[in-house]
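# Close look at the chain arrangement
So you can see what is in the structure, the chains are spelled out below.
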Amino acid sequence: MRRIHVGNALSAFGLGFTVPYLYVYVAQVRGLGAMTAGLVLTVFAVAALIVLPFAGRAIVRRGPLPVLLAALVTAALGALSLGLAGSGTAVLLSAAALGAGQAVMQPALATMIVDCSTTDTRSRAFAMQFFLQNLGLGVGGLIGGHLVDSTRVDSFTLLFSIEAAVFLTLVGVMATVRVPRAPRMEDTPARSGRGGWKQLLGNRAMVQLSVLGFVLFFACYGQFESGLSAYGVEAAGISTSALGSALAANTLMIVVAQFAVLRFVERRRRSRVIAAVGLIWAVAWLAAGYAGLGHGSQEMATAAFVSTYALFGLGEAMLSPTVAPLVADLAPSGMAGQYNSAFALVKQLALAVGPAVGGPLGASLPMPYVVTFLLFSLGITFLALRLGRQLTAVQDRPWLGRSRVVARGGAAAEPAVAEA
């Protein structure tokens, strides 16, 4: 598990190390223009959408470790070639390889966490994963920003070369992991091995969780660097330095609150925790509304805007030990990889649609923007409570399974997961 957590931290470090600077690198440093730079970011996202449906099947059939190693090598090659690419075609192909490799890492690592944890330890393991991912992103972005110089191509070549070296180092680290043997598709009954996607879509609880997940990522993560920042600059008059402070407040809240929050949510119903996040984010959008539409001072507007990002961070800290373990517990035996990849696909779709909708709306129609996402946040609460009616007692309150095992005097084995 320690090696898996190192993998999470390093993969996030690689992402934060280069992705924030892709636009500047392509448009200005390589002189390929804003259109090509925009296409690179699009290709980065589209590549993830293409490979994730196949990644789940591969994880189920081959196991998460071989898939992770292939993803790391692909991402390393993409990063290295991106640092050397001088033409539009080469840049786009390199970005596709890097985007595809990084997209597959997350469900593979998540499935390894499932295989190496029990119901008793899973929430804490996923909380640690989220903590290290944010730490890796922040440290990667900070170091990368100090290495690059927009007047020197070689500084970006060095940046992408270091990223490739990080991924290859991670290959060596993860190759030493001995994951407990989890059931594979060929080990499960025939009915579980056929039509993995059809079986997943027949799981009502998983479908409802996927819809809820789309709304979660669309209304929060999909707005961070597009709609909400555009709204802050245009409607609230937030300076770029204040915007940076808001993003820092989000990360700081996650780092500070993650394990304190974990102790609170571990004994709460998962559906109720997600519902509470919807209410917290509704308050965050009210604070954003005050920042841009209120009549207070600029200092008050800035404070309200920074608090919006901090409240989002609090909600994220509550979700990390809740949603990912729930996806794992909904998956039938041997199908965790398929379910993790499906949920990653939902997340990627939300992150693709969110900025496209939120950016123009936040910049040009501030009042409808705030009201729309306030309603989305309340919708999270409604969908979470509705999901709770589809979950079994152990899926919604996992500590019950542990209590029953202890009450019977048995070993601390993981309870069977019922299909919803």
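Residues numbered from 1 in each chain as written. Predicted model: local features only at pLDDT ≥ 70, side-chain atom pairs only at ≥ 80, totals over all residues. Heavy atoms only, no water.

## A closer look at the confidence of the model for the protein chain
On average, residues of the protein chain carry a pLDDT of 82, and 90% of them reach 70 or more. Element-level pLDDT for the protein chain is lowest in helix 8 (residues 190-193), with a mean of 42, against a maximum mean of 93 in helix 17 (residues 366-388). Contacts of residues 183-194 to residues separated by more than four positions or lying in other chains number 26 contacts, the stretch itself having pLDDT below 50. (pLDDT = per-residue confidence, 0-100. Helix = DSSP H or I, 4+ residues; strand = E, 2+ residues; numbered from the N terminus. Contact = heavy atoms within 4.5 Å.)

## Topic: helix 16 (residues 336-364)
Its 29 residues give helix 16 an end-to-end C-alpha distance of 42 Å, which sits within 8% of 42 Å, the value for a rise of 1.5 Å per residue. When the local axis directions of helix 16 are compared, the greatest deviation, roughly 25 degrees, occurs at G358, which is followed within four positions by the proline P360. (Expected span 1.5 Å × (residues − 1). Bend = angle between axes of the 7 residues up to and from the residue.)

## Re a nonpolar patch on the surface
A surface patch of nonpolar side chains, amounting to about 470 Å² of accessible area, comprises L135, V139, L142, I143, L147 and L158. Top contributing element to the nonpolar patch by residue count: helix 6 (residues 119-147), with five residues. Note on placement: L147 falls in helix 6. (Patch = residues over 30% accessible without salt bridge, like charges linked within 9 Å, V, L, I, M, F, W, Y side chains within 5 Å. Areas by Shrake-Rupley, 256 points an atom, 1.4 Å probe, with all protein chains shown as cover. Salt bridge = Lys/Arg side-chain N within 4 Å of Asp/Glu carboxyl O.)

## Here we look at the environment of A85
Along the chain, A85 falls in the loop between helix 4 (64-84) and helix 5 (88-115). Among all residues touching A85, those that are not within four sequence positions of it are Y25, R30, A90, V91 and S94.

## Notes on the pattern of salt bridges
Summed over all chains, the structure comprises four salt bridges. Measuring nitrogen to oxygen at the nearest pair gives 2.9 Å for the salt bridge that ties R122 to D329. One end of the pair, R122, is in helix 6; the other, D329, is in helix 15 (residues 323-330), and 207 residues separate them in sequence. You can call R122 buried: its relative accessible area is 3%. For the salt bridge of R124 with E266, the shortest nitrogen-to-oxygen distance reads 3.5 Å. Here R124, found in helix 6, pairs with E266, found in the loop between helix 12 (240-265) and helix 13 (270-293); they are 142 residues apart in sequence, far enough to count as distant. (Buried < 20%, exposed > 50% of the residue type's maximum accessible area, 1.4 Å probe, protein only.)

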